[in-house]
Amino acid sequence: DAGITQSPRYKITETGRQVTLMCHQTWSHSYMFWYRQDLGHGLRLIYYSAAADITDKGEVPDGYVVSRSKTENFPLTLESATRSQTSVYFCASTLTGNNQPQHFGDGTRLSIL
Amino acid sequence: GQQVMQIPQYQHVQEGEDFTTYCNSSTTLSNIQWYKQRPGGHPVFLIQLVKSGEVKKQKRLTFQFGEAKKNSSLHITATQTTDVGTYFCAGGFNKFYFGSGTKLNVKP
């Protein structure tokens, strides 16, 4: 899905540091999502956004901050990274919400030492 | 909160054998979606079921949505090595929840 890109693809950082994961989509989709994927847990929703300037918490929002000033961008920030936040992070988007297929980016593999 | 449970966690089959993964929710779902994730890849949408009792087929894949809209299954007939990956169901009403996935390994 070339229309949704995540950066960086890989990131190593230290505990306590702030790190921002970027997500950009070119489809003008209204909804965007951030998930983390850990072994045995599948995909867990961190935050989602229904439109620009509208965000809401998912299952595991603690320790994360999001913003959506523009429809096409949905950055995820770890304000003070912890080892438990080591994971693969996926961004996804849909046109109008949960009744539409979600299109995923390639993911960011984040390691916190 | 609402959870979508998926079993089994792993399945190892010989090529040509059938495979089934099951998805269950404690509450009624508005719809259910199925995704496939290849090793090292990202989830890719396969199909969406909306109606009670709905059955859809995609070649060797058969998807079912339960009458009560609380469970679903994905059945693969005569698996091939290209079927290797993790299969996820996802469902909800206001918010969407992914199951923990079933990792399928196919031995040639």
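So, here's what we can say about the structure.

About the criteria used
Residues numbered from 1 in each chain as written. Chains lettered and ligands numbered in written order. Predicted model: local features only at pLDDT ≥ 70, side-chain atom pairs only at ≥ 80, totals over all residues. Heavy atoms only, no water. Pairing = 2+ DSSP bridges. Helix = DSSP H or I, 4+ residues; strand = E, 2+ residues; numbered from the N terminus. Axes fitted to C-alpha atoms, helices over the stretch in contact; angles between N-to-C directions. Core = buried A, V, L, I, M, F, W, Y, C linked by side-chain atoms within 4.5 Å. Buried < 20%, exposed > 50% of the residue type's maximum accessible area, 1.4 Å probe, protein only. Phe/Tyr/Trp six-rings, centres within 6.5 Å; stacked < 30°, edge-to-face > 60°.

Considering the sheet that holds strand β3 (residues 19-25) of chain B
Residue and element names in this part refer to chain B. Taken together, five strands build an open sheet; the order of strands is β1-β3-β8-β7-β6 and the sheet is antiparallel. The open sheet has two free edges, formed respectively by β1 (4-7) and β6 (55-58), since each of these has just one partner strand. Mean inter-strand twist for the sheet, computed between neighbouring axes without regard to direction, equals 15 degrees.

Some points on the nonpolar core
Ranked by internal contacts, the top residues of the largest apolar core, which has 20 residues, are Ile32, Trp34 and Phe63 of chain B. Looking at this core, the elements that each hand over two or more residues are β3, β4 (31-37), β5 (44-49), β7 (61-65), β8 (71-76), β9 (85-92) and β11 (102-107) of chain B. In this structure, Met32, Trp34, Tyr47 and Ala81 of chain A belong to the second largest nonpolar core, which totals 18 residues.

Description of the packing of aromatic side chains
A full pass over the atoms with the stated rule returns 14 aromatic pairs over all chains. An angle of 25 degrees between the planes, with centres 6.2 Å apart, marks the rings of Phe33 of chain A and Tyr35 of chain A as stacked. Look at Tyr35 of chain A and you get buried, because its relative accessible area is 1%. Taken together, a centroid distance of 5.8 Å and an interplanar angle of 45 degrees make the contact between Phe19 of chain B and Tyr87 of chain B tilted. Residue Phe19 of chain B is found in strand β3, and its partner Tyr87 of chain B is found in strand β9; the two are separated by 68 residues along the sequence. Tyr87 of chain B matches Phe19 of chain B in its accessibility class, with the two residues each being buried. A connected cluster of aromatic rings, assembled from ring pairs, spans Tyr31, Phe33, Tyr35, Tyr48, Phe90 and Phe104 of chain A together with Tyr35, Phe45, Phe88 and Phe98 of chain B.

A word on unusual backbone geometry
The peptide bond linking Ser7 of chain A to Pro8 of chain A adopts the cis configuration, its omega dihedral lying at -10 degrees. Position of Pro8 of chain A relative to the elements: it lies in the loop between β1 (4-7) and β2 (10-13). In this model, Ile7 of chain B is joined to Pro8 of chain B through a cis peptide bond whose omega is -5 degrees. In this structure, Pro8 of chain B sits in the loop between β1 and β2 (10-14). Although it is not a glycine, Asp53 of chain A adopts a positive phi angle of roughly 70 degrees.

Bear in mind that shape data such as this cannot, by itself, settle questions of function.
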